[in-house]
Structure formats: structure tokens, C-alpha cells
Amino acid sequence: MDGITLEHIGDTTILRCSRAITINNISEFMALFGTLIQRPEMERIMFVLSPQTRVDASGIGFLVQMHALLVGGHKRLYLCMPPQETLDILKELELTAFLRILTSEEALLLRLPD
């Protein structure tokens, strides 16, 4: 998938995204997350968004749905360094109350297994 890189470190998958998360490509993201969720050794996904990543309303819905699927499977989703516009929308919708959001590379590194 263009604009996506994956790195597996122990029980953590780091997914770096530099493409838009919109209604036009949600099915691609759903398929990717579906594959990742099925990996038994994977306990958490660090979903790192670049400053250029645009997230529309469908993208916000996707993030909430993936969070729910992972929590239901006793796994965790961390949304890392979302663009300020996306972070503002998440705050306005009060989604920051349950989404795990990391706002710096240092916070991300602290969550990685040794």
C-alpha cells in the first residue's frame, strides 16, 4: 500500500502513514488492519500519522472502529502524532477520552518493548 510502512518490534506493529485516510481508501485500511489484528503475537499497533495525513469524517470513523476491534481482541491502538487538525477534531468530538493518543516520537519510543 503506497504511503504506508510497517515495522514489527516484538509484540508491537508500527504503522507509519503518509497518505490520506478518507472515504476513498477506507477499504484498503480496513483490509490492512484486518490482517494485522489476526496476528496472534501482535498486542498493539502504533499508528503514526505524518503531518501531511488528511483524515476526513470517514477516516475518524475508521479510527474509532479499529480502536473498538482491537480493544475487543484485548489489543491496543495508539494514534501517534496526529496532525493538529485531526487532533482538534478528535478533541471536539470528545474521542480523546478513550483513544490513546501520543503526541511525540519520545512518547512512542517509551511504549515500545525492549
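Anything mentioned here points back to the structure above.
Described in the following lines is the structure provided in the data block. Computed from a predicted model, the values in this text were never measured in an experiment.

1. Focus: unusual backbone geometry
- Unlike most non-glycine residues, M81 shows phi in positive territory, near 50°.
- Mapped onto the secondary structure, M81 falls in the loop between β4 (76-80) and α3 (84-92).
- With a phi angle near 60°, E94 is a residue other than glycine that sits in the positive phi range.
- Within the secondary structure, E94 sits in the loop between α3 and β5 (100-102).

2. Considerations on the pattern of salt bridges
- According to the stated counting rule, one finds three salt bridges in the structure shown.
- The partner of D11 in a salt bridge is R44, with the nearest N and O atoms 3.2 Å apart. On the criterion of sequence distance, the pair formed by D11 in the loop between β1 (4-9) and β2 (12-17) and R44 in strand β3 (residues 44-49) is long-range, its members being 33 residues apart.
- The residue R19 makes a salt bridge to E28 at a minimum N-O spacing of 3.3 Å.

3. Here's the deal with helix α1 (residues 26-37)
- Between its terminal C-alpha atoms α1 stretches 16 Å, which fits the 16 Å expected from twelve residues at 1.5 Å a residue.
- At its buried positions, α1 is contacted by β1, β2, β3, α2 (57-72) and β4.

4. Observations concerning the side chain of T53
- Inspection of the secondary structure assignment puts T53 in the loop between β3 and α2.
- Taking relative accessible area as the criterion, T53 reaches 3% and is therefore assigned buried.
- Sequence-distant contacts of T53, that is, excluding residues within four places in its chain, are made with C17, S18, R19, I21, P83 and T86.

The rules behind each value
Residues numbered from 1 in each chain as written. Predicted model: local features only at pLDDT ≥ 70, side-chain atom pairs only at ≥ 80, totals over all residues. Heavy atoms only, no water. Helix = DSSP H or I, 4+ residues; strand = E, 2+ residues; numbered from the N terminus. Salt bridge = Lys/Arg side-chain N within 4 Å of Asp/Glu carboxyl O. Expected span 1.5 Å × (residues − 1). Contact = heavy atoms within 4.5 Å. Buried < 20%, exposed > 50% of the residue type's maximum accessible area, 1.4 Å probe, protein only.

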